[in-house]
Amino acid sequence: MPKLGMEPLRRRALVAATIAEIGAVGSLEVTVSNIARRAGVSSALAHHYFGSKDKLFLAAMRAVLTDFGAEVRAALRGVRDPRQRLSAIVRVSFSETSFRPEVIAAWLNFYVHAQNSDETQRLLRLYQARLHTNLMHALRPLAGPRADTIARTTAALIDGLYIRQALRDPAPDARRAVQLVTDYLDDALAASAPLPERTPA
């Protein structure tokens, strides 16, 4: 009989092993047996908990998104200034939790897998909708009618930096990624600022 309380621990271990294995292989061409071995459990137990490799991958991406969401909420707690909220979202998007090689590899495969899996696509759309909502909340008072365009471009830039990093060998440079997105936002917000009123001659 399994020990009480072991199932949540083993599930978390399998989720972490899935992300690590995808990072090591660089694709979804991983086996449940290798994931289970990395997690220190049997393949039978992995199948018992998740049913299939696809469901294990989905559970791993839900964990990634849960961690990301928790970081965003923590970073925004008590922050009222729209520009500071915007900066916090960008920083969290490239935090040590998310912007590391194995998670970046998982994200790349998440984008690819969403093309052929309705469930994965729904999960990806949920992430995109939440990111857009957070960006819009910060951008509306700063950019007015251009907020939606800037939010969509910012999200695309974040996704693009992840994809670009996944296709390169150098270690992720979070500081550089944050700076690139911040530079874009500075330029976009400057272009959105109303022109000063002319004083009568």
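All chains use their own residue numbering, which begins from 1 and follows the written sequence. Since the coordinates come from a predicted model, pLDDT governs what is reported: local features require at least 70, and pairs of side-chain atoms require 80 or more to be given and counted, while whole-chain, interface and lining totals use all residues. Values shown for side chains rest on all heavy atoms present in the structure; no hydrogens or waters enter the calculation.

Caption draft 1: Expanded view of the side chain of serine 192. Note on placement: serine 192 falls in helix 9 (residues 174–192). A relative accessible area of 16% means that serine 192 is categorised as buried. Side-chain atoms alone can form a polar contact between residues adjacent in sequence; in general such a contact is a pair of N or O atoms within 3.5 Å, and within protein one must be able to donate a hydrogen while the other accepts it. A polar contact is formed between the side chain of serine 192 and the side chain of arginine 146, at a distance of 2.8 Å. The criterion used for residue contact is that any of the two residues' heavy atoms lie within 4.5 Å. Other than its neighbours up to four places away in sequence, serine 192 contacts Ala143, Arg146 and Ile150. Strands here are runs of E lasting at least two residues and helices are runs of H or I lasting at least four, both read from the DSSP assignment and numbered beginning at the N terminus. Burial classes: relative accessible area under 20% of the type maximum marks a residue as buried, over 50% as exposed, and values in between as partly exposed (1.4 Å probe, protein chains only).

Caption draft 2: Spatial organisation of the packing of aromatic side chains. Stacked, tilted and edge-to-face are the three classes assigned to paired rings of Phe, Tyr and Trp, where Trp is represented by its six-membered ring and a pair needs centres within 6.5 Å; plane angles under 30 degrees give stacked, over 60 edge-to-face, the rest tilted. Applying the stated rule across the entire model yields 9 aromatic pairs. For the pair phenylalanine 99 and tyrosine 162, a centre-to-centre distance of 5.0 Å together with 70 degrees between the ring planes defines the contact as edge-to-face. Here phenylalanine 99, found in the loop between helix 5 (82–93) and helix 6 (101–113), pairs with tyrosine 162, found in helix 8 (residues 147–166); they are 63 residues apart in sequence, far enough to count as distant. Grouping aromatic residues by their ring pairs yields a cluster made of Phe57, Phe68, Phe94, Phe99, Trp107, Phe110, Tyr111, Tyr127 and Tyr162. The aromatic ring of phenylalanine 50 is capped on one face by arginine 11, whose charged end is 5.0 Å from the ring centroid. When the NZ atom of lysine or the CZ atom of arginine is within 6 Å of a ring's centre and also within 35 degrees of its normal, the charge is said to sit over that ring.

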